[in-house]
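Observations on chain architecture
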Amino acid sequence: MGEHKKWTVAIDGPAGAGKSTVARKVAERLGLLYIDTGAMYRALTWKALRRGILPAAAATAGSGGAVPGLAWNTQALVKMARESSIRLAPGPQGVRVWVDGEECTEEIRSPQVSAWVSQVAAVPEVRRLLVRQQQAMARGGGVVMDGRDIGTVVLPHADRKFYLTATVEERARRRQADLAAQGHEVSRAEVEQWIRQRDQQDSQRQEGPLALAADAILVDSTGKTVEEVVDSIVRQCREEV
Ligand code: DC
(Lines give C-alpha, C1' and ligand atoms only; values in the text may rest on other atoms or scores of the structure.)
Protein backbone atom coordinates (compact mmCIF):
# COMPACT_ATOMS: atom_id res chain seq x y z
CA MET A 1 0.00 0.00 0.00
CA GLY A 2 1.70 3.24 -1.08
CA GLU A 3 1.95 6.17 1.32
CA HIS A 4 0.31 8.64 -1.04
CA LYS A 5 -3.25 7.45 -0.92
CA LYS A 6 -5.86 8.01 1.78
CA TRP A 7 -6.13 4.43 2.89
CA THR A 8 -8.92 2.76 4.79
CA VAL A 9 -7.95 -0.09 7.07
CA ALA A 10 -10.53 -2.29 8.83
CA ILE A 11 -9.64 -4.24 11.98
CA ASP A 12 -12.28 -6.59 13.36
CA GLY A 13 -12.21 -9.26 16.00
CA PRO A 14 -13.66 -10.43 19.30
CA ALA A 15 -13.53 -8.70 22.70
CA GLY A 16 -10.10 -8.56 24.29
CA ALA A 17 -8.07 -9.42 21.18
CA GLY A 18 -6.21 -6.12 21.60
CA LYS A 19 -7.89 -4.39 18.67
CA SER A 20 -8.04 -0.88 20.08
CA THR A 21 -4.41 -0.73 21.21
CA VAL A 22 -3.22 -2.29 17.97
CA ALA A 23 -5.48 -0.18 15.75
CA ARG A 24 -4.41 3.04 17.48
CA LYS A 25 -0.72 2.23 16.98
CA VAL A 26 -1.19 1.10 13.40
CA ALA A 27 -2.95 4.41 12.69
CA GLU A 28 -0.08 6.33 14.29
CA ARG A 29 2.52 4.47 12.27
CA LEU A 30 0.66 4.99 8.99
CA GLY A 31 -0.35 8.59 9.72
CA LEU A 32 -4.06 7.75 9.64
CA LEU A 33 -6.93 8.63 11.98
CA TYR A 34 -8.03 5.91 14.40
CA ILE A 35 -11.79 5.42 14.79
CA ASP A 36 -12.97 3.20 17.66
CA THR A 37 -16.50 2.13 16.71
CA GLY A 38 -16.97 0.15 19.95
CA ALA A 39 -16.68 3.48 21.78
CA MET A 40 -19.75 4.70 19.86
CA TYR A 41 -21.88 1.74 20.99
CA ARG A 42 -20.52 2.24 24.49
CA ALA A 43 -21.35 5.95 24.46
CA LEU A 44 -25.00 5.27 23.62
CA THR A 45 -25.12 2.57 26.30
CA TRP A 46 -23.74 5.00 28.86
CA LYS A 47 -26.33 7.62 27.99
CA ALA A 48 -29.16 5.06 28.08
CA LEU A 49 -28.10 3.91 31.54
CA ARG A 50 -27.99 7.47 32.79
CA ARG A 51 -31.40 8.20 31.34
CA GLY A 52 -32.82 5.07 32.98
CA ILE A 53 -33.71 3.59 29.58
CA LEU A 54 -31.50 0.68 30.53
CA PRO A 55 -31.98 -0.38 34.16
CA ALA A 56 -28.89 -0.37 36.37
CA ALA A 57 -27.76 -3.96 36.83
CA ALA A 58 -26.26 -5.46 39.96
CA ALA A 59 -22.87 -3.97 40.80
CA THR A 60 -21.16 -7.23 39.92
CA ALA A 61 -22.20 -7.01 36.27
CA GLY A 62 -19.10 -7.69 34.28
CA SER A 63 -17.45 -6.97 31.02
CA GLY A 64 -19.96 -8.68 28.82
CA GLY A 65 -22.99 -10.82 28.59
CA ALA A 66 -26.66 -10.50 29.19
CA VAL A 67 -28.18 -8.87 32.23
CA PRO A 68 -30.85 -11.43 32.96
CA GLY A 69 -34.28 -10.48 34.15
CA LEU A 70 -34.05 -6.74 33.57
CA ALA A 71 -36.63 -5.37 31.16
CA TRP A 72 -35.95 -2.40 28.92
CA ASN A 73 -37.57 -0.46 26.16
CA THR A 74 -36.00 -0.86 22.72
CA GLN A 75 -38.10 1.91 21.19
CA ALA A 76 -36.98 4.42 23.78
CA LEU A 77 -33.41 3.37 23.14
CA VAL A 78 -33.74 3.83 19.38
CA LYS A 79 -35.38 7.24 19.83
CA MET A 80 -32.58 8.29 22.17
CA ALA A 81 -29.96 7.03 19.70
CA ARG A 82 -31.50 9.07 16.88
CA GLU A 83 -31.38 12.21 18.98
CA SER A 84 -27.80 11.72 20.18
CA SER A 85 -24.67 13.19 18.79
CA ILE A 86 -21.46 11.26 19.37
CA ARG A 87 -18.05 12.77 18.87
CA LEU A 88 -14.69 10.98 18.90
CA ALA A 89 -11.26 12.60 18.98
CA PRO A 90 -7.78 11.22 19.51
CA GLY A 91 -6.42 11.75 23.04
CA PRO A 92 -3.14 10.97 24.77
CA GLN A 93 -4.49 7.73 26.29
CA GLY A 94 -6.63 6.64 23.39
CA VAL A 95 -9.85 7.91 21.96
CA ARG A 96 -11.82 10.61 23.80
CA VAL A 97 -15.59 10.41 23.53
CA TRP A 98 -18.43 12.92 23.95
CA VAL A 99 -22.18 12.48 23.80
CA ASP A 100 -24.17 15.65 23.20
CA GLY A 101 -21.09 17.64 24.11
CA GLU A 102 -20.50 15.86 27.43
CA GLU A 103 -17.31 13.85 27.79
CA CYS A 104 -17.71 10.19 28.81
CA THR A 105 -14.28 8.81 27.89
CA GLU A 106 -13.75 6.98 31.19
CA GLU A 107 -17.35 6.17 32.03
CA ILE A 108 -17.86 4.14 28.84
CA ARG A 109 -15.30 1.58 30.09
CA SER A 110 -17.19 0.83 33.32
CA PRO A 111 -18.36 -2.75 34.06
CA GLN A 112 -21.94 -1.46 33.97
CA VAL A 113 -21.60 -0.20 30.39
CA SER A 114 -19.65 -3.32 29.40
CA ALA A 115 -22.44 -5.50 30.73
CA TRP A 116 -25.07 -3.83 28.54
CA VAL A 117 -23.27 -2.78 25.39
CA SER A 118 -23.65 -6.06 23.49
CA GLN A 119 -27.41 -5.82 23.82
CA VAL A 120 -27.48 -2.23 22.64
CA ALA A 121 -25.26 -3.24 19.71
CA ALA A 122 -27.70 -6.02 18.81
CA VAL A 123 -30.55 -3.59 18.08
CA PRO A 124 -30.74 -3.31 14.25
CA GLU A 125 -31.87 0.35 14.18
CA VAL A 126 -29.03 1.35 16.48
CA ARG A 127 -26.54 -0.47 14.26
CA ARG A 128 -27.87 1.12 11.08
CA LEU A 129 -27.63 4.56 12.62
CA LEU A 130 -24.06 4.09 13.81
CA VAL A 131 -22.94 2.29 10.65
CA ARG A 132 -24.10 5.30 8.61
CA GLN A 133 -22.15 7.66 10.87
CA GLN A 134 -19.07 5.44 10.63
CA GLN A 135 -19.28 5.36 6.84
CA ALA A 136 -19.51 9.15 6.79
CA MET A 137 -16.45 9.39 9.06
CA ALA A 138 -14.45 7.17 6.68
CA ARG A 139 -15.67 8.78 3.48
CA GLY A 140 -12.52 10.72 2.70
CA GLY A 141 -10.29 7.78 3.58
CA GLY A 142 -7.25 8.08 5.83
CA VAL A 143 -8.67 5.96 8.64
CA VAL A 144 -8.06 2.83 10.64
CA MET A 145 -11.41 1.68 11.98
CA ASP A 146 -11.88 -1.13 14.48
CA GLY A 147 -15.00 -3.04 15.50
CA ARG A 148 -16.87 -6.24 14.70
CA ASP A 149 -18.44 -5.56 11.31
CA ILE A 150 -16.07 -3.06 9.71
CA GLY A 151 -14.71 -5.30 6.94
CA THR A 152 -18.06 -6.99 6.38
CA VAL A 153 -20.64 -4.16 6.63
CA VAL A 154 -19.22 -0.70 7.33
CA LEU A 155 -16.29 -0.63 4.89
CA PRO A 156 -16.67 -3.61 2.57
CA HIS A 157 -14.25 -1.93 0.14
CA ALA A 158 -11.52 -1.17 2.70
CA ASP A 159 -8.00 -1.29 1.25
CA ARG A 160 -6.94 -3.74 3.95
CA LYS A 161 -8.96 -5.90 6.30
CA PHE A 162 -7.60 -7.65 9.34
CA TYR A 163 -9.28 -10.01 11.77
CA LEU A 164 -7.42 -9.92 15.06
CA THR A 165 -7.99 -12.74 17.48
CA ALA A 166 -6.42 -14.62 20.41
CA THR A 167 -7.43 -17.54 22.57
CA VAL A 168 -10.20 -16.95 25.15
CA GLU A 169 -7.69 -17.55 27.95
CA GLU A 170 -5.31 -14.90 26.68
CA ARG A 171 -8.09 -12.41 26.05
CA ALA A 172 -9.43 -12.98 29.58
CA ARG A 173 -5.96 -12.42 31.04
CA ARG A 174 -5.65 -9.10 29.22
CA ARG A 175 -9.15 -7.90 30.05
CA GLN A 176 -8.65 -8.78 33.72
CA ALA A 177 -5.43 -6.74 33.77
CA ASP A 178 -7.23 -3.77 32.13
CA LEU A 179 -10.05 -3.94 34.65
CA ALA A 180 -7.59 -4.21 37.56
CA ALA A 181 -5.78 -1.12 36.26
CA GLN A 182 -9.12 0.71 36.45
CA GLY A 183 -9.69 -0.51 40.03
CA HIS A 184 -12.16 -3.30 39.23
CA GLU A 185 -11.08 -6.56 40.86
CA VAL A 186 -12.65 -9.61 39.21
CA SER A 187 -11.58 -13.24 38.95
CA ARG A 188 -10.08 -14.72 35.79
CA ALA A 189 -12.85 -17.31 35.62
CA GLU A 190 -15.49 -14.60 35.75
CA VAL A 191 -13.83 -12.58 32.98
CA GLU A 192 -13.49 -15.71 30.86
CA GLN A 193 -17.18 -16.37 31.22
CA TRP A 194 -18.09 -12.79 30.19
CA ILE A 195 -15.83 -13.05 27.17
CA ARG A 196 -17.40 -16.31 26.05
CA GLN A 197 -20.87 -14.83 26.51
CA ARG A 198 -19.98 -11.66 24.64
CA ASP A 199 -18.38 -13.61 21.78
CA GLN A 200 -21.53 -15.62 21.50
CA GLN A 201 -23.81 -12.57 21.54
CA ASP A 202 -21.67 -10.62 19.10
CA SER A 203 -21.40 -13.58 16.68
CA GLN A 204 -25.01 -14.70 16.79
CA ARG A 205 -26.90 -11.46 16.33
CA GLN A 206 -28.85 -11.03 13.11
CA GLU A 207 -27.43 -7.75 11.97
CA GLY A 208 -23.71 -7.10 11.53
CA PRO A 209 -22.49 -10.12 13.51
CA LEU A 210 -18.83 -10.56 14.35
CA ALA A 211 -17.54 -12.49 11.36
CA LEU A 212 -14.38 -12.99 9.37
CA ALA A 213 -14.66 -11.20 6.00
CA ALA A 214 -13.70 -13.45 3.09
CA ASP A 215 -10.86 -11.11 2.13
CA ALA A 216 -9.60 -10.38 5.67
CA ILE A 217 -6.13 -11.32 6.86
CA LEU A 218 -6.31 -13.40 10.04
CA VAL A 219 -3.89 -12.26 12.76
CA ASP A 220 -3.56 -14.35 15.93
CA SER A 221 -2.10 -12.24 18.74
CA THR A 222 -1.79 -15.10 21.26
CA GLY A 223 1.68 -15.01 22.77
CA LYS A 224 2.69 -11.96 20.72
CA THR A 225 3.54 -8.50 22.01
CA VAL A 226 1.58 -5.47 20.86
CA GLU A 227 4.62 -4.30 18.90
CA GLU A 228 4.91 -7.63 17.06
CA VAL A 229 1.28 -7.50 16.04
CA VAL A 230 1.49 -3.83 15.01
CA ASP A 231 4.64 -4.49 12.96
CA SER A 232 3.01 -7.38 11.17
CA ILE A 233 -0.12 -5.37 10.29
CA VAL A 234 1.86 -2.29 9.19
CA ARG A 235 4.08 -4.51 7.02
CA GLN A 236 1.05 -6.10 5.39
CA CYS A 237 -0.51 -2.69 4.81
CA ARG A 238 2.61 -1.52 3.02
CA GLU A 239 2.90 -4.58 0.80
CA GLU A 240 1.52 -4.12 -2.66
CA VAL A 241 -1.19 -6.57 -3.59
O1 DC B 1 -14.72 -3.26 21.18
P2 DC B 1 -15.59 -2.95 22.39
O3 DC B 1 -15.45 -3.92 23.53
O4 DC B 1 -15.45 -1.54 22.87
O5 DC B 1 -17.08 -3.12 21.84
C6 DC B 1 -18.18 -2.91 22.66
C7 DC B 1 -19.39 -3.67 22.14
O8 DC B 1 -19.88 -3.09 20.96
C9 DC B 1 -19.18 -5.15 21.87
O10 DC B 1 -20.17 -5.88 22.55
C11 DC B 1 -19.38 -5.31 20.41
C12 DC B 1 -20.08 -4.07 19.99
N13 DC B 1 -19.58 -3.56 18.71
C14 DC B 1 -20.28 -3.88 17.59
O15 DC B 1 -21.26 -4.61 17.69
N16 DC B 1 -19.89 -3.41 16.40
C17 DC B 1 -18.80 -2.64 16.29
N18 DC B 1 -18.44 -2.18 15.09
C19 DC B 1 -18.04 -2.32 17.43
C20 DC B 1 -18.46 -2.80 18.65
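Everything here concerns the structure above.
A brief look at the structure comes next. What you see is a predicted model, and the numbers here were worked out from it, not measured in a lab.

Cut-off values and rules
- Residues numbered from 1 in each chain as written.
- Predicted model: local features only at pLDDT ≥ 70, side-chain atom pairs only at ≥ 80, totals over all residues.
- Heavy atoms only, no water.
- Helix = DSSP H or I, 4+ residues; strand = E, 2+ residues; numbered from the N terminus.
- Contact = heavy atoms within 4.5 Å.
- Pairing = 2+ DSSP bridges.
- Near = heavy atom within 4 Å.
- Polar contact = N/O pair within 3.5 Å; in protein donor to acceptor, adjacent residues only side chain to side chain.
- Areas by Shrake-Rupley, 256 points an atom, 1.4 Å probe, with all protein chains shown as cover.
- Nonpolar A, V, L, I, M, F, W, Y, C, P; charged D, E, K, R; others polar.
- Phe/Tyr/Trp six-rings, centres within 6.5 Å; stacked < 30°, edge-to-face > 60°.
- Buried < 20%, exposed > 50% of the residue type's maximum accessible area, 1.4 Å probe, protein only.
- Lys NZ or Arg CZ within 6 Å of the ring centre and 35° of its normal.

**Points about the side chain of Arg42**
Structurally, the position occupied by Arg42 is in helix H2 (residues 37–51). Residues contacting Arg42, with those up to four places away along its chain left out, are Ile108, Arg109, Val113, Ser114, Val117, Arg175 and Arg198.

**Section: the sheet that holds strand S3 (residues 86–91)**
Sheet strands associate in pairs through backbone hydrogen bonding, adopting either a parallel or an antiparallel arrangement. Ordered by their spatial adjacency, three strands build an open sheet running S3-S4-S5, and the pairing between neighbours is antiparallel. Pairing within the sheet leaves two strands with one partner each, and these edge strands are S3 and strand S5 (102–103). Where strand S4 (residues 94–99) and S5 come together, two bridges link them in antiparallel fashion. Bridging from a neighbouring strand, Trp98 pairs with Glu103 of S5.

**Description of the site of the ligand**
Around the ligand, the surrounding shell holds 16 residues, and the nearest of these are Thr37, Arg42, Arg127, Asp149 and Arg205. A distance of 3.0 Å separates an oxygen atom of the ligand from a polar side-chain atom of Arg198. Separating an oxygen atom of the ligand from a side-chain N or O atom of Arg205 is a distance of 2.8 Å. For the ligand, whose accessible area on its own is 450 Å², the fraction buried by protein is 95%. Counting residues per element, the ones that place at least two in the shell around the ligand are H2, helix H4 (111–121) and helix H8 (188–204). Top element by residues in the shell around the ligand is H2. It accounts for four residues. Of the residues contributing to the shell around the ligand, the split by class is four nonpolar, four polar and eight charged.

**Looking at the packing of aromatic side chains**
Under the criterion given, the structure shown has one aromatic pair. Judged by centre distance (5.9 Å) and plane angle (80°), the ring pair of Trp72 and Trp116 falls under edge-to-face. Within this pair, whereas Trp72 is found in the loop between H2 and helix H3 (74–82), its partner Trp116 is found in helix H4, the two being separated by 44 residues in sequence. Overall, the relative accessible area of 25% leaves Trp72 in the partly exposed class. Directly above the ring of Trp98 sits Arg87, whose terminal nitrogen or CZ lies 4.1 Å from the centroid.

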